[in-house]
Amino acid sequence: PENKFSSGYKDVYQILNSIIHASEATYKLDLNNIALGGYSSGGNFAALAAIDAIKAKLPIHYQVLVSPITDLSRSLTSMKKYRHLKQFQEKDRVVSEQFTDWVIKLYLPNHVNRKNPLVSPFWQSDENIKDLPFTDIFFGERDQCRSDAEAYKEKLEKNNVSVNSFMFEGEDHSMIWRNLDVIISLADRIKYVFENHKVTKH
């Protein structure tokens, strides 16, 4: 990117903050039912924005993360608990670990620790994530970010966050680019959540 970390994330959070603090008529939004979503690095931004929004007491009620990269240190598959996932991630036909590392190096200045919770939501403290909203996580069976998705789901579960995950068999990190079934499933899930988990004004 032309501007490295943290410029991109600051842009995302500033826009979110501006929309929420605008008058309801400005964007014709129900500010009592705000959702955040993102794919891949966008899932990273969405997860971080949800954490910061909750700390700031902004009304975020749902987040949907698609193949999110939640640990930029790429160290999860070295942990015994997630080591078995490496064999699946190595079968990703589109995104290799080498490519992922190259992109991260383009994004992060050399002095930034990749486990810094400001860049890797997985390394956020339990205190910071315990109040996160209803969450859905989508990923592919052979997704380069499968360990990120599964580990983040378990971290949210451990902190009593209501979270669901949806794995697409045989799919990799590119699933959302070309598989209409993934798009339909995602749309159906968002519709279901808004119809069944709406926050009403009192």
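Structure: above.
Model, not experiment: these values are computed from the prediction.

1. Points about the environment of Asp143
- As for its placement among the helices and strands, Asp143 is situated in the loop between β3 (134-140) and α7 (146-158).
- Taking C-alpha positions, Asp143 is 33 Å from Ala56, a pair spaced 87 residues apart along the chain.
- In this structure Asp143 touches Ser67, Gln89, Asp92, Glu171, Asp172 and His173, once residues within four positions along its chain are discounted.
- Within the local environment of Asp143, its side chain forms a polar contact with the side chain of His173, the two groups lying 2.7 Å apart.

2. Section: the pattern of salt bridges
- With the rule as written, the count across this model stands at 16 salt bridges.
- Residue Arg146 is joined to Glu150 by a salt bridge in which the shortest nitrogen-to-oxygen separation is 2.7 Å. Taken together, the residues Arg146 and Glu150, both in helix α7 and 4 residues apart, mark about one turn of the helix. Note on accessibility: Arg146 and Glu150 belong to one class, buried.
- Glu157 is paired through a salt bridge with Lys153; the nearest N and O atoms lie 3.2 Å apart. Of this pair, Glu157 and Lys153 both sit in helix α7, 4 residues apart, which is roughly one turn of that helix.
- One network of salt bridges, in which partners are shared, links Arg93, Glu171, Asp172 and Arg178.

3. Quick word on the side chain of Lys155
- Along the chain, Lys155 turns up in helix α7.
- On the accessibility criterion, Lys155 (13% relative accessible area) is buried.
- Aside from chain neighbours lying at most four places away, what touches Lys155 is Phe122, Gln124, Asp126 and Ile129.

4. Some thoughts on the nonpolar core
- In terms of nonpolar packing, the biggest core is built from 37 residues, with Leu16, Ile60, Leu108, Leu132 and Tyr152 touching the most fellow members.
- Listing elements by their share of this core, those giving two or more residues are α1 (7-21), β1 (34-39), α3 (41-55), β2 (60-66), α5 (97-107), β3 and α7.
- Here this core takes 9 residues from α3, the largest share from any one element.
- Sequence-distant contacts of Tyr152, that is, excluding residues within four places in its chain, are made with Ala47, Ile51, Leu65, Thr70, Pro121, Phe122, Ile129, Leu132 and Ile137.
- One finds Tyr62, Val66, Phe134 and Leu186 within the second-largest nonpolar core, a separate group that totals 11 residues.

5. Quick notes on the sheet that holds β1
- Taken in spatial order, the 4 strands of this open sheet run β1-β2-β3-β4, and their pairing is parallel. Of all the strands in the sheet, just β1 and β4 (163-168) have a single pairing partner and so form its edges. Shown here is a sheet whose adjacent strand axes are inclined to one another by a mean of 10°, direction ignored.
- The sheet contact formed by β1 and β2 spans 6 bridges and is parallel.

6. Here's the deal with the packing of α1 against α3
- One can describe the packing of α1 onto α3 by two numbers: an axis separation of 10 Å at closest approach and a directional angle of 55°. Viewed along their axes, α1 and α3 adopt a mutual orientation that is oblique. The way α1 lies across α3 gives a crossing that is right-handed. Taking contact as the criterion, the partners of Gly8, Tyr9, Val12, Tyr13 and Leu16 in α1 are, on α3, Phe45, Leu48, Ala49, Asp52 and Ala53.

The rules behind the values
Residues numbered from 1 in each chain as written. Predicted model: local features only at pLDDT ≥ 70, side-chain atom pairs only at ≥ 80, totals over all residues. Heavy atoms only, no water. Helix = DSSP H or I, 4+ residues; strand = E, 2+ residues; numbered from the N terminus. Contact = heavy atoms within 4.5 Å. Polar contact = N/O pair within 3.5 Å; in protein donor to acceptor, adjacent residues only side chain to side chain. Salt bridge = Lys/Arg side-chain N within 4 Å of Asp/Glu carboxyl O. Buried < 20%, exposed > 50% of the residue type's maximum accessible area, 1.4 Å probe, protein only. Core = buried A, V, L, I, M, F, W, Y, C linked by side-chain atoms within 4.5 Å. Pairing = 2+ DSSP bridges. Axes fitted to C-alpha atoms, helices over the stretch in contact; angles between N-to-C directions. Parallel < 35°, antiparallel > 145°, perpendicular 65-115°, else oblique. Left-handed = near helix turned anticlockwise from the far one by under 90°.

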